[in-house]
Amino acid sequence: MFSNKYNVDGRLVVITGGSQGLGFALAKNLYLKGANVIIISRTKTKLLNCVEEIKKLSQKEDQFVDYVAADLSKYEDCERVYEYLTLKKLLPDDLICCAGIAYPQKFAKIPISKIDEGIDINYKTAVYFVHAMLPLITEKVREQHLVLCSSVIASYAFYGYSQYAPMKAAVKAFGDCMRHELLPYGVKVHTLFPGNFESEGYAQENLTKPALTKEIEGASPAISAEKCAEIVVNSLQNGSLYIYTDFIGWVLGSFSLGLNPREWWFAQIFLSFIGSLVGRLVDLYHEHLIRRQSQEEAKQK
Ligand SMILES: NC(=O)C1=CN([C@@H]2O[C@H](COP(=O)(O)OP(=O)(O)OC[C@H]3O[C@@H](n4cnc5c(N)ncnc54)[C@H](OP(=O)(O)O)[C@@H]3O)[C@@H](O)[C@H]2O)C=CC1
Ligand SMILES: CCCCCCCCCCCCCCCC(=O)[C@@H](N)CO
């Protein structure tokens, strides 16, 4: 219905989790390219500072940046964002859902409050927000994009991520449903599968992350949030539906193609064949690391 090209200039982009990390980096990147942005997160003081910083990057007279402080895991707050947009007659061109949190730890050591937080921040913020915004993205007036943030972890869930991986798999599945349902409205739905990148959230999760988890995910060295945002924006401009931010993420995505959208069809199909041959070996190696560690722990006791 609409062209594939994603021209940033003049668009209105609403970004959840826009006060730090990837969300903030995306806000700055898009603003620098001429977009108007609205950032949303819970903490007003952080949002105010971000708005000031973004304003410094202004490209033209009438460029617009604003914020809404809202806890998007509460539906009333999502409705409040809807009211703010409609009152101000602001029609978003794109929604980017970046709010998310990980508490990597052995399952037995995870407090139930952290499990709830994982469900609320990773899953509910995305699903509730999209639900509340639907009237604004189904008007068929222009090309619109919905961007959801999953993780490489959705392609391969492993030791230490029991609080987080199921939620990111859920976000992936939600995105797949939305991609179908919003097709008649000309809304392109993109899902991000980032590998590790530096952010406040990443620093926080590293405080509880088990050594084994760090060892396994070492294959995805953390890039800067700015670099990650640049890759995401370039991929959106190329029309990619599934967006990976590092090589290992792309390889793991290729190993689990299923009926998923693909990029570089033949390369990915070839890799999926390799994956079906050696994938289990990689996992067996990780099982070996786990056994070795538990034996070492037993010796120390
Ligand atoms: N960093 C990494 O290595 C990776 C991260 N990801 C995913 O990428 C996304 C961005 O990650 P990252 O930049 O590290 O995250 P950060 O933890 O650094 O930032 C999270 C943002 O979400 C906001 N937020 C949290 N809870 C809510 C809520 N209930 N309602 C509204 N806003 C909320 C936070 O602000 P406030 O607390 O003020 O609300 C903050 O702005 C997340 O979805 C994450 O899971 C995926 C792969 C790798
Ligand atoms: C031949 C194939 C070898 C495969 C080896 C397996 C490597 C696994 C890498 C997984 C990286 C996961 C990053 C998770 C990021 C994330 O979402 C958290 N940081 C949360 O913020």
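Here the structure is a predicted model, which means the values were calculated and not measured.

Reading the values: rules and limits
Note on numbering: residues in each chain are counted from 1, in written sequence order. Whichever chain is written first is A, and whichever ligand is written first is 1; the rest continue in order. In view of the model being predicted, local features appear only for residues whose pLDDT reaches at least 70, and side-chain atom pairs are presented and counted only at 80 or more, with totals across whole chains, interfaces and linings using the full set of residues. Note that water and hydrogens are dropped before the side-chain values are worked out from all heavy atoms of the structure. Within this document, salt bridges are pairs made up of a side-chain nitrogen of Lys or Arg and a carboxyl oxygen of Asp or Glu, the two lying within 4 Å of each other. Under the scheme used here, helices are H or I runs from DSSP no shorter than 4 residues and strands are E runs no shorter than 2 residues, and both carry numbers assigned from the N terminus. Under the scheme applied here, a residue whose accessible area is under 20% of the maximum for its type counts as buried, over 50% as exposed, and between as partly exposed, the area being computed with a 1.4 Å probe on protein chains only. Any pair of Phe, Tyr and Trp rings, taking the six-membered ring for Trp, is counted once the centres come within 6.5 Å. Such a pair is stacked with planes under 30 degrees apart, edge-to-face with planes over 60 apart, and tilted for the rest. Only heavy atoms are used to decide nearness, and a residue is near a molecule or strand if one of them lies within 4 Å of it. Within 3.5 Å is the distance limit for a polar contact, defined as a pair of N or O atoms, with the added protein rule that one can donate a hydrogen and the other accept it, and that residues adjacent in sequence qualify only through two side-chain atoms. Computed with the Shrake-Rupley method and a 1.4 Å probe, the accessible areas treat only the protein chains shown as cover for residues. Whether two strands pair comes down to DSSP finding at least two bridges between them. Every angle, taken between N-to-C directions, lies between 0 and 180 degrees, and every axis is a line fitted to C-alpha atoms, over only the stretch in contact when it is a helix.

Engineer: Please clarify how the pattern of salt bridges should be interpreted in this entry.
Structural biologist: Opposite charge on two side chains lets them pair, provided their charged atoms get close. Following the criterion strictly, the structure yields 18 salt bridges and no others. Note that Lys-172 is salt-bridged to Asp-176, the shortest N-O span being 3.0 Å. Of this pair, Lys-172 and Asp-176 both sit in helix α5 (residues 165–181), separated by 4 residues, roughly a single helical turn. By the burial criterion, Lys-172 is buried, and Asp-176 matches it. The residue Lys-209 makes a salt bridge to Glu-217 at a minimum N-O spacing of 2.6 Å.

Engineer: Before we go on, may I ask you to explain the packing of aromatic side chains in this structure?
Structural biologist: Note on aromatic pairs: each is described by the distance of the centres and the angle between the planes. Taken as a whole and assessed by the stated rule, the structure comprises 7 aromatic pairs. Their ring planes at 35° and their centres at 5.4 Å tell us that Tyr-156 and Phe-158 sit as a pair that is tilted. For the pair Tyr-156 and Phe-158, a shared accessibility class is recorded, and that class is buried. A ring pair is formed by Tyr-161 and Tyr-164, whose centres lie 5.6 Å apart and whose planes are at 45°; its orientation type is tilted. Residue classification places Tyr-161 among the buried positions, given a relative accessible area of 4%. The class for Tyr-164 is buried, based on a relative accessible area of 14%. One aromatic cluster is present, formed by Tyr-156, Phe-158, Tyr-161 and Tyr-164 through successive ring pairs.

Engineer: I would appreciate a short explanation of the site of ligand 1 in the present structure.
Structural biologist: Residues in contact with ligand 1 amount to 30 residues; listed here are only the nearest, Ser-19, Leu-22, Arg-42, Thr-43 and Ser-199. In this structure, Arg-42 approaches ligand 1 through a side-chain N or O atom, which is 2.8 Å from an oxygen atom. Contacts to ligand 1 include Asp-71, whose side-chain N or O atom sits 2.8 Å from a nitrogen atom. With the chains in place, 94% of the 890 Å² that ligand 1 exposes on its own is no longer accessible. The set of elements that each furnish at least two residues to the shell around ligand 1 consists of α1 (21–32), α4 (112–137) and α6 (200–205). Here the element with the most residues in the shell around ligand 1 is α6; it accounts for 3 residues.

Engineer: Help me understand the sheet that holds strand β2 (residues 36–41) in this model?
Structural biologist: Where strands meet in a sheet, backbone hydrogen bonds hold them as pairs that are either parallel or antiparallel. Across the sheet, 7 strands lie side by side as β3-β2-β1-β4-β5-β6-β7; this open sheet has parallel pairing. At either margin of the open sheet sits one strand with a lone partner, and together these are β3 (65–69) and β7 (242–244). The mean angle between the axes of side-by-side strands here comes to 15°, regardless of whether they run parallel or antiparallel. Taken together, the 6 bridges between strand β5 (residues 144–149) and strand β6 (residues 187–193) define a ladder with parallel strand orientation.

No statement about biological role is implied by the geometric values presented.
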